[in-house]
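Examination of the molecular architecture
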Amino acid sequence: MVTAPAANAKALQQLHWLAERGAKFCLPAGRTKGQFPTGWQNMPQDVAAAEQHALNGGNVGLLAGLHSNGIVAVDVDVNWTDQVARLGDFAHTVTVHRDNADDRGKLIYQV
């Protein structure tokens, strides 16, 4: 998820990279999953909307699976370094980290 403080050039580049591979996005109103609009899972947003939302200070989430051309995310909530090491060659993929959560992240795959 791109967060407002991280809406920098690298984060925006990642949004475009994902979009080039078919990704769609969700745009929560706040910083928690409880602040998504009803039915958000079926309201895919394009990269232009996602970029503008991030630049306005909003969070941007990846809408994985069907809406994103088979892009999925594996969420690692603890022990990032150890968990990634265990994956070996499977860890060689795109990763997403938040600036405020060094020990957590997501590995992105297209299946």
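Check the entry above for the structure.
This write-up is about the structure you can find in this document. (Residues numbered from 1 in each chain as written. Predicted model: local features only at pLDDT ≥ 70, side-chain atom pairs only at ≥ 80, totals over all residues. Heavy atoms only, no water.)

**Section: the sheet that holds strand β4 (residues 94-96)**
Reading across from one edge, β3-β5-β4 is the order of the three strands in this open sheet, with antiparallel pairing throughout. Where the open sheet ends on each side, the last strands, each with one partner, are β3 (71-76) and β4. With direction set aside, neighbouring strand axes in the sheet form an average angle of 30°. Alignment of β4 against strand β5 (residues 105-110), held across three bridges, turns out to be antiparallel. Within β5, the position partnered with V96 by the bridge is K106. (Pairing = 2+ DSSP bridges. Helix = DSSP H or I, 4+ residues; strand = E, 2+ residues; numbered from the N terminus. Axes fitted to C-alpha atoms, helices over the stretch in contact; angles between N-to-C directions.)

**Considering the environment of L62**
Here L62 shows up in strand β2 (residues 61-63). Overall, L62 belongs to the partly exposed group, its relative accessible area being 24%. Separated by 35 residues in sequence, L62 and L27 place their C-alpha atoms 9.0 Å apart. Aside from chain neighbours lying at most four places away, what touches L62 is A23, K24, F25, C26, S68, I71 and I108. (Buried < 20%, exposed > 50% of the residue type's maximum accessible area, 1.4 Å probe, protein only. Contact = heavy atoms within 4.5 Å.)

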